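# Report on the structure
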Amino acid sequence: MQEKLLYEYAVIRVMPDVERGELLNIGLLMMCKRRRWIKAAVELDTARLLALWPSADVDAILRQTASFTGVAHGLPQAGPLAGLLPEERFRWLTAARSACLRTSRPHPGLTADLDATFTALLDRLVRLP
């Protein structure tokens, strides 16, 4: 029997108009502390975003998501937070904030295949059917 690994995930969301309070799922962040594994992906559907928020600053959102995923993946150019352990980066990235880029609360799960689970969650929670 394959070992089951505990993981946590959060949906990456954008809220371009704080007064409206609407969120659009644009990515996924997932972490497994035991494996020191973290993965993030952003798939911003700009047509969908602009259909909901015609005045959204797409370039600013893309810069923010690049910074977010850079920290998640530990890229040196993302700054000092990128040097933290994966579980510390996950906690920092999922902390409550009042910015247009935010995450859902973290959710736990068990899996024998982190990459397959990541893809399945991304398909279900972010990608349009």
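For the structure, see preceding data.
Below: a short report on this structure. (Residues numbered from 1 in each chain as written. Predicted model: local features only at pLDDT ≥ 70, side-chain atom pairs only at ≥ 80, totals over all residues. Heavy atoms only, no water.)

### What to know about the packing of aromatic side chains
Cut-off, in case you're wondering: Two rings belonging to Phe, Tyr or Trp (six-membered ring only in the last case) form a pair when the distance between their centres is within 6.5 Å. Interplanar angles under 30 degrees mark stacking, angles over 60 mark edge-to-face geometry, and anything in between is tilted. Only protein chains enter the accessibility calculation, which uses a 1.4 Å probe. A residue is then buried if its area is under 20% of the maximum for its type, exposed if over 50%, and partly exposed in between. Working rule: Lys NZ or Arg CZ, within 6 Å of ring centre, within 35 degrees of ring normal, means a charge sits over the ring.
According to the stated counting rule, one finds one aromatic pair in the structure shown. Between Tyr-7 and Tyr-9, the ring centres sit 6.3 Å apart and the planes meet at 35 degrees, which makes this aromatic pair tilted. Side by side, Tyr-7 and Tyr-9 carry an identical accessibility label, which is buried. Above the plane of the ring of Trp-92 lies Arg-97, whose end atom (NZ or CZ) is 5.3 Å from the centre.

### Regarding helix 4 (residues 114–125)
Each α-helix turn comprises 3.6 residues. Residues three or four places apart therefore point the same way. Rule in force here: Segments assigned H or I by DSSP are reported as helices when at least four residues long, segments assigned E as strands when at least two residues long, and all are numbered from the N terminus. A helix's residues, less one, multiplied by 1.5 Å, set its expected span. Identification of polar contacts relies on pairs of N or O atoms within 3.5 Å, with a donor-acceptor requirement for protein atoms, meaning one able to donate a hydrogen and the other able to accept it, and with residues adjacent in sequence counted only if both atoms are side-chain atoms.
Taking 1.5 Å as the rise per residue, helix 4 with twelve residues should run 16 Å; its terminal C-alpha atoms sit 16 Å apart, in good agreement. The distance from a side-chain oxygen at the start of helix 4 to the backbone nitrogen of Asp-115 is 3.2 Å, and the residue carrying that oxygen is Asp-113.

### A closer look at the pattern of salt bridges
Put simply, the rule reads: Put simply, a salt bridge is a Lys or Arg side-chain nitrogen that is within 4 Å of an Asp or Glu carboxyl oxygen.
For the structure shown, the criterion picks out seven salt bridges. Here Glu-43 and Arg-127 are joined by a salt bridge, their closest N and O atoms 2.6 Å apart. Note that Glu-43 is positioned in the loop between strand 3 (37–42) and helix 1 (46–52) and Arg-127 in the segment after helix 4, a separation of 84 residues in sequence. Asp-123 serves as the salt-bridge partner of Arg-127, at 2.3 Å between the closest nitrogen and oxygen. Exposure remark for Arg-127: the relative accessible area of 32% places this residue in the partly exposed category. In this structure Asp-123 comes out as partly exposed when scored by relative accessible area, which is 39%. Members of the salt-bridge network, linked through shared partners, are Glu-3, Arg-34 and Arg-35.

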